[in-house]
2 protein chains.
Amino acid sequence: MSEGVEWAVHCCLTLGWLGDDRPVPTSRLAAGYELPPAYLNKQLQALVRAGLLTSTPGVRGGFRLARPLDKITLMEVVAAIEGPDDAFQCTEIRRRGSGAESPERNFRTPCAVSTAMRKAELAWRRALAAQTLAEVAAAAERHAPNLGEGVRRWYGRG
Amino acid sequence: MSEGVEWAVHCCLTLGWLGDDRPVPTSRLAAGYELPPAYLNKQLQALVRAGLLTSTPGVRGGFRLARPLDKITLMEVVAAIEGPDDAFQCTEIRRRGSGAESPERNFRTPCAVSTAMRKAELAWRRALAAQTLAEVAAAAERHAPNLGEGVRRWYGRG
DNA sequence: GACACAATACTCGGATACACCTTGTCCGAGTCCACTAGG
DNA sequence: CCTAGTGGACTCGGACAAGGTGTATCCGAGTATTGTGTC
């Protein structure tokens, strides 16, 4: 999986802790995690295209959460970065070679291998969609109660 | 996900339909699906290393199933091709930047983001481990009752 | 006719190139702030 | 002192390279077959 997923989730959590009053520029977020600013900007653009963030240009611009954290699921963040298509792509090799020489088989029915793999991937997607970013943030603060306050202080929003 | 997973599953199913009496060379399996023989051989080697197949060299050599299909799960095939490590790799970016300047935080506890992603991936692995190749083969034959016979005929094992 | 032997053809296995995608970087368009000059 | 105008700096956004992993290929090591020559 792409490394940008981790960056995107952490940045969304940070934006949630800061509150949505003022936008946060990429340079600040990149400094907060020691990430390459231009590349992080690319990932944040993907989140904007997915409707999870809103971007405002200009000198005091930056990124803001489009929705509160409890309205964003992990599935949405992963889909925004990784793309909408499934990890397992069925290329229908059952139709080639030996399969091509047996026209009595009906290939209308879905490939059993693809069905089995898709079933597992559906479980993965369901588990991702069942977790909101607010729950992840709450789990993080459970081990560090004053985490949000520390983040606000570091970003000068104390 | 790597394309070799699809190839590996289909080849295992074919070996199961043929029965484990005689080994099947890579060239024959590759012809059965119109795949590049040398590269398919590489994938089958991975299955041998994982203990799913056994290889026999020599002129009448090839690959055989090390276990019957109902003793092989989809999870084992995926792990054999894709490798044992998880798709989501936590790089601990929470410790860098702003996290590095707040030493009061204890980083012994696992990262909440990593925990959430791992939970979803565990659901995926459970769904894969719950399905045996015998079940996949049965699902395929449910739509094409004489599929195994057709495969045996094509491979000259009628 | 039976047996020993060597040549042979065919198989796996690992070492070796090629291609695409992820990662990383750069520069331009747009926007808001701040300073300045005039009323 | 207040206000309109302008310069500037900072931001996002997309276009442009570099590296790494997956994809594909080739050649060598090893083995059972098969044909031949001899007893």
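Figured I'd write up the structure that's included with this text. (Residues numbered from 1 in each chain as written. Chains lettered and ligands numbered in written order. Predicted model: local features only at pLDDT ≥ 70, side-chain atom pairs only at ≥ 80, totals over all residues.)

### Quick notes on the overall build of chain A
The secondary structure content of chain A amounts to seven helices and two strands. Going residue by residue from the N terminus, the α and β elements of chain A occur as α-α-α-β-β-α-α-α-α. Its C-alpha radius of gyration of 21 Å places chain A more than 25% over the 15 Å reference for a compact globule of 158 residues. Reported as C-alpha extents along the three principal axes, the dimensions of chain A are approximately 70 × 35 × 25 Å. Every one of the 158 residues in chain A was classed for burial, and the buried ones make up 37%. Intrachain contacts of chain A at a sequence separation of at least 6 include 69% that bridge at least 24 residues. (Helix = DSSP H or I, 4+ residues; strand = E, 2+ residues; numbered from the N terminus. Rg over C-alpha atoms; globule rule 2.2 N^0.38 Å. Buried ≥ 20, exposed ≤ 12 C-beta atoms within 10 Å, placed from the backbone. Contact = placed C-beta atoms within 7 Å.)

### Here's the deal with the protein's contact with DNA strand D
The environment of DNA strand D is formed by 26 residues, the closest being Ser55(A), Glu3(B), Pro36(B), Ala38(B) and Tyr39(B). Counting residues per element, the ones that place at least two in the surface near DNA strand D are helix 2 (26-33), helix 3 (37-49) and strand 2 (62-65) of chain A together with helix 3 (37-49) of chain B. If one sorts the elements of the surface near DNA strand D by residue count, helix 3 of chain A sits on top with five residues. Looking at the surface near DNA strand D residue by residue, the classes come out as 11 nonpolar, 11 polar and four charged. (Near = placed C-beta within 6 Å. Nonpolar A, V, L, I, M, F, W, Y, C, P; charged D, E, K, R; others polar.)

### As for the interface of chain B and chain A
Each side of the interface is counted separately: chain B has 46 residues, and chain A has 46 residues. Breaking the side of chain B that touches chain A down by element, the ones donating at least two residues are helix 1 (4-18), helix 2 (26-33), helix 5 (112-129), helix 6 (133-143) and helix 7 (147-154) of chain B. Of the residues that constitute the side of chain B that touches chain A, the class distribution is 26 nonpolar, 11 polar and nine charged.

### Overview of the protein's contact with DNA strand C
Neighbouring DNA strand C are 25 residues, the closest being Ser2(A), Glu3(A), Pro36(A), Ala38(A) and Gly58(A). Sorting the residues of the surface near DNA strand C by element identifies helix 3 of chain A together with helix 2, helix 3 and strand 2 (62-65) of chain B as the ones contributing at least two each. The biggest single contributor to the surface near DNA strand C is helix 3 of chain B, with five residues. Of the residues assigned to the surface near DNA strand C, the class counts are 11 nonpolar, 10 polar and four charged.

### A word on the relation of the copies chain B and chain A
The transform that puts chain B on chain A rotates by 180° and translates by 0.0 Å along the axis, for an RMSD of 0.0 Å. One copy is carried onto the other by what is essentially a two-fold rotation axis. Residue Trp124(B) of chain B places its C-alpha closer to the rotation axis than any other residue of that unit, at 2.4 Å. Most of the interface of chain B is mirrored in chain A: 100% of its interface residues are interface residues there too. (Least-squares fit on C-alpha atoms with pLDDT ≥ 70 in both.)

### Comments concerning the packing of helix 1 of chain B against helix 7 of chain B
All names here are of chain B. Interhelical geometry of helix 1 versus helix 7 gives an angle of 85° and a closest axis separation of 9 Å. Comparing the axis directions of helix 1 and helix 7 gives the class roughly perpendicular. Across the interface between the two elements, Thr14, Trp17 and Leu18 of helix 1 pack against Gly148, Val151 and Arg152 of helix 7. Of the residues that constitute the contact of helix 1 with helix 7, the class distribution is three nonpolar, two polar and one charged. (Axes fitted to C-alpha atoms, helices over the stretch in contact; angles between N-to-C directions. Parallel < 35°, antiparallel > 145°, perpendicular 65-115°, else oblique.)

### What about helix 3 of chain A?
Residues and elements named next belong to chain A. With 13 residues, helix 3 extends 18 Å between its outermost C-alpha atoms, agreeing within 8% with the 18 Å of an ideal straight helix rising 1.5 Å per residue. Where helix 3 is concerned, the buried positions are Leu40, Gln43, Leu44 and Leu47. Viewed along the axis of helix 3, the buried residues span an arc of 100°, placing them on a single side of the element. Opposite the packed face of helix 3, turned more than 90 degrees from it, sit the exposed residues Ala38, Lys42 and Arg49. Looking at the packing, one finds that the buried side of helix 3 touches helix 1 (4-18), helix 2, strand 1 (53-56), strand 2 and helix 4 (74-82). After helix 3 finishes, the residue Gly51 shows a positive phi value of roughly 85°. (Expected span 1.5 Å × (residues − 1). Arc of directions from axis to C-beta.)

Worth remembering: the numbers are spatial, not functional.
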